[in-house]
Amino acid sequence: MKVGFIGLGHMGFPMAANLLAAGYQVVVYNRTASKADDLIAGGAERAASPAELAAACDVTMACLLTPDVCEDVFLGDGGVVESAPPGSLILDFSTNGPDTSRRIYDAAKSRGIGYLDAPISGGPTGAQAATLAIMVGGDLADFERAMPILETLGTTIHHMGASGCGSAAKLANQVILGGTLAVCCEAFVAAAKYGIDPAQLLEVLMGSSSGGKVMERNIGTMILNNDFDAQFSLDLLTKDLALGTTQARDLGIRMLVGEMAELMAREGQAFGLGANDMVAIIKPLEQSAGVEVRK
């Protein structure tokens, strides 16, 4: 089986590498072509465009940054949907709004092509270790034929329902992530301002009812070690929170905590921190309080 992968960023590159290691014949495309060089050296084929890739593959996969980019790559003139052969399958690992996923699904369906919105969670570490959580929306038959590939990439794989449901599930994850990160940052800044050692506070809280992965990674691994290099950027978190709060408004649901987290993320962008890791959301708080949450 020949499979293609479009988008070789922090997540896409290790995912494509895992497919190659599993014995798949892999075709890759990235707008910055040099990002594919190591995969090509390992046996992958290079495509000159998304259209060329899709036309050559049984399964086309993508992990792209924004809904606009997804719509262009999938639905634009000479895009994936126009170029992929009938009977092929598209797996979209990007984080989109459900409306974007359904538009791509409808266009693919009209040409006899399967489409699954299959956003992922687990970060670059999970992508490298092939332990991603994958939330899938689309036709059950397409999900079942995609399972061998999905099991090569992740360990927690669920069919969430019809097209768009995978994207909606991922937005729930992102709102929880953003809200939890925001309140952790507020709490640690307040404690540091009072004079509590942040490292000691982390140790005791990780053994308490408030401890969890968000606190451990973002406070313990990143902020305390003054590490703001982007694994998942503040710009991307802001994009995802905006998608989540927009979906809530469309559904007539208030989302006060999610909207406050989005505002805090936008504050970080206004401070010029968007290209930093999402943990940079803490820096405006630290500046206003006159403290830093560091070891």
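Going by the structure above, here's the rest.
Residues numbered from 1 in each chain as written. Predicted model: local features only at pLDDT ≥ 70, side-chain atom pairs only at ≥ 80, totals over all residues. Heavy atoms only, no water.

A. Structural detail: the overall build of the protein. In terms of regular secondary structure, the protein is built from 14 helices and 9 strands. Along the three orthogonal principal directions, the C-alpha set of the protein runs to about 65 × 45 × 35 Å. Within the span of the protein, comprising 295 residues, buried residues form 52% of the whole. Taking contacts inside the protein between residues at least 6 apart in sequence as the whole, the part at least 24 apart equals 64%. If you sum the accessible surface of the protein, you get close to 13,000 Å²; carbon and sulfur atoms cover 54% of it. The average position of the 20 basic charges and that of the 33 acidic charges among the side chains of the protein differ by 2 Å. (Helix = DSSP H or I, 4+ residues; strand = E, 2+ residues; numbered from the N terminus. Buried < 20%, exposed > 50% of the residue type's maximum accessible area, 1.4 Å probe, protein only. Contact = heavy atoms within 4.5 Å. Areas by Shrake-Rupley, 256 points an atom, 1.4 Å probe, with all protein chains shown as cover. Lys, Arg positive; Asp, Glu negative; His and termini not counted. Charge placed at Lys NZ, Arg CZ, Asp CG, Glu CD.)

B. View of the packing of helix α4 (residues 67–75) against helix α6 (residues 98–110). Across the interface, α4 lies against α6 with an axial gap of 10 Å and an inter-helix angle of 5 degrees. By the angle class used here, α4 and α6 are roughly parallel. Residues Pro67, Cys70, Glu71, Phe74 and Leu75 of α4 lie in contact with α6, whose contacting residues are Thr100, Arg103, Ile104 and Ala107. In the contact of α4 with α6, the residues fall into 6 nonpolar, 1 polar and 2 charged. (Axes fitted to C-alpha atoms, helices over the stretch in contact; angles between N-to-C directions. Parallel < 35°, antiparallel > 145°, perpendicular 65-115°, else oblique. Nonpolar A, V, L, I, M, F, W, Y, C, P; charged D, E, K, R; others polar.)

C. Up close: the pairing of strand β5 (residues 89–92). Here β5 shows a buried face lined by Leu89 and Leu91 and a second buried face lined by Ile90 and Asp92. Note: strand β4 (residues 59–62) against β5, 4 bridges, orientation parallel. Following the sheet pairing, Val59 is matched in β5 by Leu89. Strand direction decides the pairing type here: β5 and strand β6 (residues 114–117), joined by 4 bridges, are parallel. By the bridge assignment for β6, Asp92 is matched with Asp117. (Pairing = 2+ DSSP bridges.)

D. Molecular detail of unusual backbone geometry. The backbone of Ala130 shows a phi angle near 60 degrees, a positive value even though the residue is not glycine. Looking at the secondary structure, you find Ala130 in the loop between α7 (123–129) and β8 (132–137). Of the residues examined, Ala130 reaches a relative accessible area of 15% and is grouped as buried.

E. The nonpolar core, seen in detail. The biggest cluster of nonpolar side chains holds 35 residues, and the ones touching the most others in it are Ile219, Ile223 and Val293. Counting only elements with at least two residues in this core, the list comes to α9 (165–194), α10 (198–206), α11 (213–223), α12 (234–251), α13 (256–270) and α14 (283–289). Among the elements that make up this core, the one with the highest residue count is α9 (10 residues). Contacts of Val293, omitting those with residues within four sequence positions, involve Phe188, Val189, Ala192, Pro198, Ile223, Leu224, Ile282 and Glu286. Counting residues in hydrophobic clusters, the runner-up holds 34 residues, among them Met15, Ala118, Ile134 and Leu150. (Core = buried A, V, L, I, M, F, W, Y, C linked by side-chain atoms within 4.5 Å.)

F. Up close: the pattern of salt bridges. All chains considered together, the criterion is met by 10 salt bridges. Close ionic contact of Arg217 with Asp277 constitutes a salt bridge, the shortest N to O distance being 2.9 Å. Placement of the pair is Arg217 in helix α11 and Asp277 in the loop between α13 and α14, with a sequence separation of 60 residues. Exposure remark for Arg217: the relative accessible area of 23% places this residue in the partly exposed category. (Salt bridge = Lys/Arg side-chain N within 4 Å of Asp/Glu carboxyl O.)

G. Broad picture of helix α1 (residues 12–21). Counting buried positions along α1 gives 7 out of 10 residues, so the element sits mostly inside the fold. Within α1 the residues assigned to the buried category are Gly12, Pro14, Met15, Ala16, Asn18, Leu19 and Leu20. Remark: Gly23 follows α1 within two positions and exhibits a positive phi of approximately 100 degrees.

H. Focus on the packing of aromatic side chains. For the structure on display, the rule yields 2 aromatic pairs. Measuring from ring centre to ring centre gives 6.2 Å for Phe74 and Tyr115, while their planes differ by 80 degrees; the resulting arrangement is edge-to-face. Of this pair, Phe74 sits in helix α4 while Tyr115 is found in strand β6, placing the two residues 41 residues apart along the sequence. In this structure Tyr115 comes out as buried when scored by relative accessible area, which is 0%. The side chain of Lys283 reaches across the aromatic face of Phe228, ending 4.1 Å from its centre. (Phe/Tyr/Trp six-rings, centres within 6.5 Å; stacked < 30°, edge-to-face > 60°. Lys NZ or Arg CZ within 6 Å of the ring centre and 35° of its normal.)

I. Quick peek at the packing of α9 against α12. Orientation of α9 relative to α12, taken along the N-to-C sense of each, is 115 degrees, at an axis distance of 9 Å. In the packing of α9 onto α12, the handedness of the crossing is left-handed. When α9 is examined against α12, the residues Ala168, Leu171, Gln174, Val175, Leu177, Gly178 and Leu181 are found in contact with a partner set consisting of Leu237, Asp240, Leu241, Leu243, Gly244 and Gln247. Its residues assigned to classes, the contact of α9 with α12 shows 8 nonpolar, 4 polar and 1 charged. (Left-handed = near helix turned anticlockwise from the far one by under 90°.)

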